[in-house]
Structure formats: C-alpha cells, structure tokens
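Now for the letters of each chain:
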Amino acid sequence: MKYDFSTPIDRRRTDSEAIVGLQRALGRTDLIPLWIADMDFATPPFVMRVVERRLRQQILGYTCSYPSYYRAIAGWCERRYGFHINESDIHFVPGIVPAICFAENCLTQPGDKVMTLTPVYHPFRHVTEASGRIDVQVPLIVRDGRFYMDYDAIDRQLADCRLLLLCNPHNPGGTSWTQDEIVRIVKLCRKHNVIIVSDEIHADLTYAPHKHVPTAMSCPEARDITLTFMAPTKVFNFPGLIASHVIATGDELRRRFFDYLDGNDIGNGSVFAYDAVEACYSDEGEEWLSQLTAYISANIDYVISFLADHCPGIRPMRPEASFLIFLDHSSMHFPSQEALTDFYINGAGLYLNDGTIFGPTGRNFMRLNVGMPRCILEQAMSQLAAAYDRLPAEVKP
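The residue count restarts for each chain, going from 1 along the sequence in the order it is written. Local features in a predicted model are, by the rule used here, given only for residues with pLDDT of at least 70; side-chain atom pairs are given and counted only at 80 or more, and totals for whole chains, interfaces and linings are based on all residues. Values reported for side chains reflect all heavy atoms of the structure, with hydrogen atoms and water molecules removed beforehand.

A.B. asks: When you look at the sheet that holds strand E12 (residues 324-328) in this model, what are you seeing that I'm missing?
C.D. replies: Hydrogen bonds along the backbone pair up the strands of a sheet, which may run parallel or antiparallel. Strands are labelled as partners when DSSP assigns at least two bridges between them. Secondary structure is summarised from DSSP: a helix means a run of H or I of at least four residues, a strand means a run of E of at least two, and numbering begins at the N terminus for each. A sheet is described by the order of its strands in space; here 4 strands give the open sequence E11-E12-E15-E14, paired in antiparallel fashion. Of all strands in the sheet, those with a lone pairing partner are strand E11 (315-317) and strand E14 (353-354), marking the two edges. As judged from the 2 bridges shared by E14 and strand E15 (residues 365-369), these two strands associate in the antiparallel manner. When the bridges of E15 are listed, Asn353 appears paired with Arg367. We call two residues contacting when some pair of their heavy atoms lies within 4.5 Å. Throughout, an axis means a line fitted to C-alpha atoms (over the contacting stretch in the case of helices), and angles, computed between N-to-C directions, take values from 0 to 180 degrees. Lying on the sheet, helix H10 (residues 283-310) is in contact with E11, E12 and E15; it crosses E12 at an angle near 15°.

Quick look at the structure:
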C-alpha cells in the first residue's frame with residue numbers, strides 16, 4: 001500500500017477525546033479505547049499539506065469559501081453516487097450534529113415530535129430533547145444479523161411528527177440502506193408531510209457489493225423533502241477540524257434552511273475547512289480511501305472470524321458501511337447490561353460503547369471501533385478471548 005495504516009501512533013498527550021474522555025469517565029489509563037468514532041490512522045498527507053499551507057500565511061483570519069470548494073463536493077457526489085447536484089445546493093455547516101440542531105430549530109417548534117429509528121447515533125436524541133422537541137423512537141428489527149425498518153410502526157407514528165432523522169448508512173449497525181428501503185420511507189414521509197434529515201457521514205466507507213444511495217436521489221419524491229448532511233471528516237479522519245456540508249435539492253427547503261444559516265451567521269468555515277474538504281474530494285482522496293476501505297474491510301473480516309473461533313456467544317453484525325461493529329450478546333446470559341459492560345472493562349480491559357446509549361433497543365449490544373492498526377486490534381481481541389474463557393459456564397450460551 002502507498003499509505004501506512006499499520007504503524008501505531010501514540011495519541012497520549014494529544015488531548016485525544018478517546019483517551020481523555022475515558023480517563024474522565026472512569027479515572028483509568030489501563031484500558032484499550034475502542035469507543036469513540038474516530039480512527040487511529042494518520043490524517044492523510046494531502047489534508048496535512050493544505051493545513052500547513054494555511055499556517056504559513058501568517059494571519060489565520062476569517063476565510064471565505066470559494067468556487068472550487070463547491071465544485072469538489074458536487075464532483076465527488078456525481079462520481080461516487082451518481083448524485084447530480086448544483087453547486088448552489090451546497091452550504092457549509094460546522095459539524096453534522098450542530099447542523100441537525102439547526103435543522104430542528106429552523107423547521108420545527110418546541111413540543112414538535114421528531115422520529116428516530118433506534119438503536120441509533122445518540123446525539124440524535126440529545127439534540128432533539130435539548131431543543132425541547134419530543135423524540136419518537138421506532139425500534140429497528142434485527143434479522144439475520146442486519147437491521148430492517150418496521151414500516152408499519154413508522155407509518156402509525158409518523159403522522160404526528162414533523163421530522164425524521166435518518167442515519168444512512170446506519171450507526172451503530174452499519175446497515176447500508178438499499179434504494180427500495182429508502183424509497184419506502186420517503187413515500188411514508190411524503191404521505192405524512194414529514195421532512196427527512198439524512199445523516200450520511202459514513203457513506204464513503206461502504207463495502208462492496210453494497211452501494212450507498214443518497215436519500216435525496218432515491219426517488220423523485222425525495223428531492224424536495226430531504227436535507228442531506230455529509231462530511232469527509234469521519235472517513236478521512238480529521239473530525240477535530242470541523243468541516244461538513246448540507247445538500248438541499250428542493251427549492252423551498254433550500255431557501256428556508258440556507259436563509260436560516262446565513263441569517264444567524266452559523267454557516268461559515270474555519271481557515272482550514274474549505275481547503276481540507278477540497279483536498280479529500282480529489283484523485284488523491286480517491287486513492288487513499290480505496291486503500292483505507294481495503295484495510296478496514298480486512299479488520300472487519302479478522303474480528304468476525306476471531307469471535308466465531310474464540311468467543312462464539314458474541315455475534316457481530318457485519319457492517320455494510322463504516323468502521324464500527326455492533327456486537328450482539330443476546331444469546332449470552334449476563335444478568336444485566338451493567339454486568340456486560342463490566343465484562344469488557346474489568347474482565348477484558350477494553351472500553352467500548354454501551355449499546356444502550358443508542359436507545360433501549362441497544363440492550364445486550366456493545367459498539368466496537370475497528371479503525372486502527374491491526375496489531376492494536378489483535379491485542380484487544382486477545383484480551384477479549386481470555387476474558388471470555390474466564391466467564392462462568394452459566395453466562396455462555
């Protein structure tokens with residue numbers, strides 16, 4: 001490979017949330033952090049070059065967006081997804097979670113209902129509740145190690161909602177929703193006059209034979225009712241350099257939301273943001289992403305094979321996208337979710353996300369990040385297997 005994904009990088013003393021957040025939560029430094037969704041790979045050199053170039057200009061002043069930034073986004077969407085958008089459909093947003101908050105405040109009123117399909121990325125609930133809206137949770141269905149939507153339940157509850165927050169691809173399950181699946185939910189939203197906010201930050205890391213289908217291009221009815229949120233920061237591993245964008249293909253929805261962003265002066269990027277996005281959506285970015293995808297895919301294969309051989313009670317949901325694996329322990333007999341998390345922390349010396357943070361339907365699950373050099377992952381799996389072997393017989397399936 002041209003790029004190195006195998007050499008560990010010491011993130012101690014870098015104020016890394018993965019490490020510092022763990023220390024603040026548990027007061028411990030002896031656990032392998034496998035929780036927060038950034039990767040332990042070097043940020044690509046083409047991103048570092050443009051950051052360094054800006055640093056040499058001596059004044060880190062207010063910085064405007066420029067035409068090639070919008071062309072880069074539009075070109076990337078066309079090449080990768082066949083998603084044709086105009087440059088005027090694009091607006092910078094300072095992070096997808098803040099942008100979801102902006103969308104809720106722009107398009108709904110306090111007390112309005114917002115639907116989520118759970119378990120799902122927990123800031124969806126946090127933003128909704130903190131904004132004074134009501135989070136309406138519809139459980140996803142697990143079948144054959146994959147999540148599916150319960151369209152009947154969605155239809156029953158959507159009539160009272162104003163927004164649907166859709167995670168496409170899904171986090172934490174890694175499901176890459178098919179075109180048919182998305183079209184069905186779009187048609188329900190049209191039926192009930194509900195706007196879709198589609199978080200597509202993991203889209204670029206979708207594994208063959210699966211293909212990412214942007215919600216807004218799934219069918220003609222989707223274009224006018226969908227806000228699409230994308231960013232290169234997750235997959236190109238620079239989430240600390242905030243740089244996201246919203247795509248609005250419907251005239252009225254675009255006008256409402258872009259006017260809200262501009263009127264409140266909340267849609268501007270930092271001195272580094274526009275350059276970093278443009279650098280990723282280039283030929284160099286394509287090559288780096290191709291190699292990253294191959295490496296992460298091999299890590300996923302390794303974990304799934306290892307668990308089948310050494311920890312058969314832990315059943316991973318194979319992700320169709322993302323670098324996260326949702327681990328299902330429902331065949332095991334832990335007396336509580338607390339006992340399950342204790343098994344990972346005090347038994348295996350690992351820190352994962354407790355599945356219940358994604359909603360009550362995350363019970364018996366843990367979320368594992370595999371975006372790291374293989375040697376770290378091998379150490380983590382070795383510790384997990386040893387802890388699994390020590391479990392009492394009555395806990396194992």
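A.B. asks: Sorry if this is basic, but what is going on with unusual backbone geometry here?
C.D. replies: With an omega of 5°, the peptide bond running from Asn168 to Pro169 counts as cis. As for its position among the elements, Pro169 is in the loop between strand E7 (161-167) and helix H7 (179-192). That bond from Ala208 to Pro209 is cis: its omega, 10°, falls within 30 degrees of zero. Residue placement: Pro209 occurs in the loop between strand E8 (195-199) and strand E9 (226-230). With a phi close to 60°, Asn237 is a non-glycine residue in the positive phi region. One can find Asn237 in the loop between E9 and strand E10 (244-248).

A.B. asks: Sorry if this is basic, but what is going on with the side chain of Asp204 here?
C.D. replies: Considering the arrangement of structural elements, one finds Asp204 in the loop between E8 and E9. Relative accessible area decides the class of each residue, using a 1.4 Å probe on protein chains only: under 20% of the type maximum gives buried, over 50% gives exposed, and in between gives partly exposed. Overall, the relative accessible area of 6% leaves Asp204 in the buried class. Any N or O atom pair separated by 3.5 Å or less is treated as a polar contact, with the protein-specific requirement of one donor-capable and one acceptor-capable atom, and with residues adjacent in sequence counted only for side-chain atom pairs. There is a polar contact of 2.3 Å between the side chain of Asp204 and the side chain of Tyr81. The residues contacting Asp204, other than those within four sequence positions of it, are Trp76, Arg80, Tyr81, Val235, Phe236, Tyr281 and Leu289.

A.B. asks: I tried to follow the side chain of Arg146 on my own but got confused; where do I start?
C.D. replies: Here Arg146 is to be found in strand E6 (residues 146-148). A polar contact is formed between the side chain of Arg146 and the backbone oxygen of Ser176, at a distance of 3.4 Å. Arg146 has contacts with Ile141, Thr175, Ser176, Trp177, Thr178, Glu181, Met317 and Glu320, leaving out every residue within four places of it along the chain.

A.B. asks: Explanation requested: the packing of helix H11 (residues 337-347) against helix H12 (residues 374-390) in the structure shown.
C.D. replies: If you want to describe how two helices pack, look at the angle between their axes and the distance between the axes. Where H11 contacts H12, the two axes come as close as 10 Å, and the packing angle between them is 120°. In terms of orientation, H11 lies oblique with respect to H12. Both H11 and H12 take part in a crossing whose hand is right-handed. Each of Phe343, Tyr344 and Gly347 in H11 lies in contact with H12, whose residues at this interface are Leu384, Ala387, Tyr388 and Arg390. Each residue is assigned to one class: nonpolar for Ala, Val, Leu, Ile, Met, Phe, Trp, Tyr, Cys and Pro, charged for Asp, Glu, Lys and Arg, and polar for all the others, Gly among them. Looking at the contact of H11 with H12 residue by residue, the class counts come to 5 nonpolar, 1 polar and 1 charged. By definition in this entry, angles of less than 35 degrees are roughly parallel, angles greater than 145 are roughly antiparallel, angles of 65 to 115 are roughly perpendicular, and the rest are oblique. Left-handed describes a crossing in which the near helix is turned anticlockwise from the far one by less than a right angle; the clockwise case is right-handed.

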